[in-house]
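A look at the structure
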Amino acid sequence: MTDRLIWLDQVTKEFRRGEIGVRAVDQVSLTIAPGEFVAIMGKSGSGKSTLLHLMSGLQQPTSGRVELLGQALATLTDDQLTLLRRHRLGFVFQFFNLLPTLTALENVTLPLLMARVPAREAERKGRAVLEQVGLADRADHRPDELSGGQMQRVAIARALVTEPPVLFADEPTGNLDTVAGEEILLLLKRMQAERGQTILMVTHDPKAAAYGDRLITMRDGRVIEDLRTGGMAL
Ligand code: ADP
Ligand code: MG
């Protein structure tokens, strides 16, 4: 892999609402290198989530080019994009999105079972990653038996169980109290340090952004600032 894990060239995304067009992302060019922990900040509606969707192939740009893991996304079929997302990308959201009837372990192993990994191996990997996020003893609990911070750690374990080179996190601490949020940020930082995990994290919170080593600020769909911040020592 080169130092071009994600590459955006003059990427624009427009949404139409009747006669009115909204430029959610406006002529953005960016390169993300392997192992970076990038924080993306900006007001609500500035295009942060749309930028993540474009980078991860969830949405197609109106114009411009996106390359992810050496592949030009425009050249891939929907099936190829789905496989790329399932095997090579991890996603974490504000509202955890765990399946309520499954245990922590079952939630975590689901992506492996969908990828046809044998059940025993899936369980072994699931338990190992739950251990990494500090939840070995909660494997058999359902989401309603866990705290918000624990649920988000399960969601991170689920996102990382396929060992994806890239993790996308959209407001991962947005629904957590300060202490639980800090635990999640330290966990992400540790994943970067220990696994060389590349992380793209959208956040409202400057304190959360300080855990990254690069800070991208958006306004009205544009990148108005892109700073190397050095990151916080563990
Ligand atoms: P952020 O994540 O920074 O809050 P978004 O990327 O969600 O911003 O949205 C950027 C702009 O694009 C907003 O004006 C939003 O209303 C608009 N937008 C986002 N997604 C859609 C969509 N699917 N259809 C229409 N407009 C959208
Ligand atoms: Mg958003």
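Residues numbered from 1 in each chain as written. Chains lettered and ligands numbered in written order. Predicted model: local features only at pLDDT ≥ 70, side-chain atom pairs only at ≥ 80, totals over all residues. Heavy atoms only, no water.

Details of the sheet that holds strand β8 (residues 198-202)
This is how it is decided: In this analysis, strands are considered paired if DSSP registers two or more bridges between them. Helical segments are the DSSP runs of H or I of at least four residues, strand segments are the runs of E of at least two, and each set is numbered from the N terminus. Whenever a helix is involved, its axis is fitted only over the stretch in contact; in every case the axis is a line through C-alpha atoms, and angles between N-to-C directions fall within 0 to 180 degrees. Contacts were defined at the residue level, with two residues in contact if any of their heavy atoms lie within 4.5 Å.
Read from one edge to the other, the open sheet built from 6 strands follows the order β6-β7-β8-β3-β9-β10, with strand pairing classed as mixed. Lying at the two open borders of the sheet, with one neighbouring strand each, are β6 (89-93) and β10 (222-228). Between one strand axis and the next, the sheet turns through 15 degrees on average, direction left out of account. As paired strands, strand β3 (residues 37-41) and strand β9 (residues 214-219) are joined by 4 bridges and run parallel to one another. Bridge pairing links Ile40 to Ile216 in β9. Here helix α5 (residues 148-160) sits on the sheet and contacts β6 and β7 (166-170); the angle it forms with β6, its principal contact strand, is near 165 degrees.

Focus on the pairing of β3
Each regular strand carries side chains that alternate between the two faces of the sheet. Selection rule: Accessibility here uses a 1.4 Å probe with only protein chains present; expressed as a share of the type maximum, an area under 20% marks a residue as buried, one over 50% as exposed, and anything in between as partly exposed.
Within β3, 5 of the 5 residues are buried, which leaves it mostly tucked inside the rest of the structure. Judged by which residues are buried, β3 turns out to be covered on both faces: Phe37, Ala39 and Met41 on one side and Val38 and Ile40 on the other are all buried. Here β3 pairs with β8 via 4 bridges, running parallel. Opposite Val38, over in β8, you have Leu200 as the bridge partner.

Quick notes on the packing of aromatic side chains
Rules: Pairing of aromatic rings covers Phe, Tyr and Trp, the last counted by its six-membered ring, and requires centre-to-centre distances within 6.5 Å; plane angles under 30 degrees mean stacked, over 60 mean edge-to-face, and any other angle means tilted.
Across all of its chains, the model carries 2 aromatic pairs by this definition. Summarising the aromatic geometry, the rings of Phe91 and Phe93 are spaced 6.3 Å apart at their centres and angled 5 degrees between planes, so their arrangement reads as stacked. With centroids separated by 5.6 Å and ring planes inclined at 20 degrees, the aromatic side chains of Phe91 and Phe168 adopt a geometry described as stacked. Here Phe91 is found in strand β6, whereas its partner Phe168 is found in strand β7, with 77 residues between them in sequence. Its relative accessible area of 2% is what places Phe168 among the buried residues.

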